[in-house]
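Remarks on the overall topology
Residues per chain are reported as follows:
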Amino acid sequence: LTGRIPSWLQGILLRNGPGMHTVGETRYNHWFDGLALLHSFMIRDGEVYYRSKYLRSDTYNANIKANRIVVSEFGTMAHPDPCKNVFSKAFSYFSHIIPDFTDNCLINIMKCGEDFYAITETNYIRKINPQTLETLEKVDYRNYVAVNLATSHPHYDAAGNILNLGTSIMDKGKTKYMIFKIPAAVPEDETGKDPLKHMKVLGSITSHSLLSPSYYHSFGVTENYIVFLEQPFKLDILKMSTAYIRGVNWASCLSFHKEDQTYIHIIDQRTGKPLPTKFYTDPMVVFHHVNAYEEDGCLLFDVIAYEDGSLYQLFYLANLNQDFEENSRLTSIPTLRRFAVPLEVDKNAEVGSNVIKLASTTARALKEKDDRVYCEPELLYEGLELPRINYAYNGKPYRYVFAAEVQWSPIPTKILKYDVLTKSTLKWGQEHCWPAEPLFIPMPGAKDEDDGIILSAIVSTHPQKLPFLLVLDAKSFTELARASIDVDMHLDLHGLFIPDAEGDTREQAPSQEQRDRAPDCPTAPQT
């Protein structure tokens, strides 16, 4: 440890991401397919303790037992063992027509009541112990709501209730996007304390295409509304059903339709119904919503947008070689865009007129015939991804975005703080350092939005320099401390911070004897 960690910072930074890409003699095709590796930084009284462990999913266990990849992932189709008989092979083909997706939950961590879950974009989530990283029970969303896919970026309200969005494919002849809620707590008079059993659907939106629903990774919320982008980045369900037989992966069934529009759905949380006005914008691909809020009869939302779907293609392992950082180039740069939509459209407004009258943005909404409105965004900043905010400002007017700087290469090289009000930035970066998503932790008694610190796990690309946990002052963006770890640490995806009061981490601080003892659990080999 160098520097000094603020004494008030006590808890666990819990991260998730792909960690194992080779099983036996088989190898995953895509970086996002790798078996989930959980890792944590427990911060206790100015010291940091590191732990990592593979998620023991059914997928992990089956692959390790067979010593080969036997469970298909989105970018890697697992094919039957050539030693199996014809009946086993036939069963494998039929089981992939309407696939039972993987429980390799490698994208994020979700807090549900008093429990924590590793989550991905399928219908499965895995409960974990945040202190030991032990894998616990498997949960299937389909036992409670009819969704085949769900986002890995749920939202939380002030009470801790969860809002999420999922896709229901061909249920009762329709493909829908389902909005569902998981309560933070259950009624006191009921036995058991599992909030998942009290999950309920708040509303739904019928897909524009029955057999080609939109892919989406996140959504936005305000105090009263949900923002969902039905983008022309689509899954072809018919192609997916025959992918196994054709010997191709499911990712090949995902394509960007540049001739289509992006539909903007604004759903009223109080009624579960979308606004009747048909909002749309140009074709784009959004993985991450930043924030959304209501202002003077309008709804503003900020997203990181691409002109196409090329980002996914760059992370095929065939492209991840030593020259990746220099040679990989996105065909469009990720851009922070602000959209504004009117919650009510003036019926007397002229066709072609801008119905947004806000002084705070140059975003426009142009009225068209047939109750349609074309939305033109304000371009705020180019070259950022993995955005985070002070979550106390989620769904409210806010000022700061904390993100990884990403230019034409998808690998982040710096952490930045973007001021939406002044359009200015502060940055942290060092040579041979790849930063992970920056998490903002508010300080006790914070008055300003940026009163707090930034935590980011930094991967070192220099063979003589160790990876480390970076601690930044969020206001000045100056380094307060770093804790170097002598392990092969991976780039991860997402995670959360569990303060002591929530995670009860104080009991887990290692003894001096444990600190001195060499770890008995090896970390994953770096890809």
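Reading the values: the criteria
- Residues numbered from 1 in each chain as written.
- Predicted model: local features only at pLDDT ≥ 70, side-chain atom pairs only at ≥ 80, totals over all residues.
- Heavy atoms only, no water.
- Buried < 20%, exposed > 50% of the residue type's maximum accessible area, 1.4 Å probe, protein only.
- Helix = DSSP H or I, 4+ residues; strand = E, 2+ residues; numbered from the N terminus.
- Pairing = 2+ DSSP bridges.
- UniProt positions renumbered as here; feature names shortened; annotations may be inferred.
- 1 Å grid on protein atoms, 1.4 Å probe; cavity = no way out; pocket = protein on both sides within 12 Å on 5 of 7 lines; lining within 4 Å.
- Contact = heavy atoms within 4.5 Å.
- Salt bridge = Lys/Arg side-chain N within 4 Å of Asp/Glu carboxyl O.

Thoughts on the pairing of strand β8 (residues 115-119)
Counting buried residues along β8, five of its five residues qualify, which places the element largely inside the surrounding structure. Neither face of β8 is open: one carries D115, Y117 and I119, the other F116 and A118, and all of them are buried. Linking strand β7 (residues 108-112) back to β8 in an antiparallel pair, the connection comprises two residues, with G113 at a positive phi of about 65°.

Focus: the UniProt feature "binding site: Fe cation" (unreviewed entry) in the chain
Mapped onto the present numbering, the UniProt feature "binding site: Fe cation" (unreviewed entry) falls at H153, H217, H288 and H494. The greatest C-alpha distance among the annotated residues, which extend across 342 residues, is 12.3 Å, indicating that they converge on a single site. In this structure, the largest cavity is lined, among the annotated residues mentioned, by H217, H288 and H494. Once you skip the residues sitting within four places of it in the chain, H153 turns out to touch N108, H217, S218, F219, H288 and H494. Structurally, the position occupied by H217 is in the loop between β15 (200-206) and β16 (220-221). A residue is classified by how much of its surface remains accessible, and H217, at 7% relative accessible area, is buried. For H217, the contacting residues outside a window of four places in its chain are I107, E121, T151, S152, H153, F287, H288 and H494.

Re the pattern of salt bridges
Here the structure, examined in full by the defined rule, presents 23 salt bridges. Notably, a salt bridge pairs R270 with D268, separated by 2.9 Å at the nearest N-O pair. With a relative accessible area of 55%, R270 lands in the exposed category. Residue D268 is classed as buried on the basis of its relative accessible area of 11%. A salt bridge links D450 to K417, with the nearest nitrogen and oxygen atoms 2.7 Å apart. Of this pair, D450 sits in the loop between β33 (439-442) and β34 (452-460) while K417 sits in strand β30 (residues 414-419), and the two are 33 residues apart along the sequence. By relative accessible area, which is 4% here, D450 ends up buried.

Comments concerning unusual backbone geometry
Even without being glycine, L133 reaches a positive phi, approximately 65°. Within the fold, L133 resides in the loop between β9 (124-128) and β10 (135-140). Positive phi is not limited to glycine here, since H432 has a value of about 70°. By the secondary structure assignment, H432 is in the loop between β31 (425-428) and β32 (433-435).

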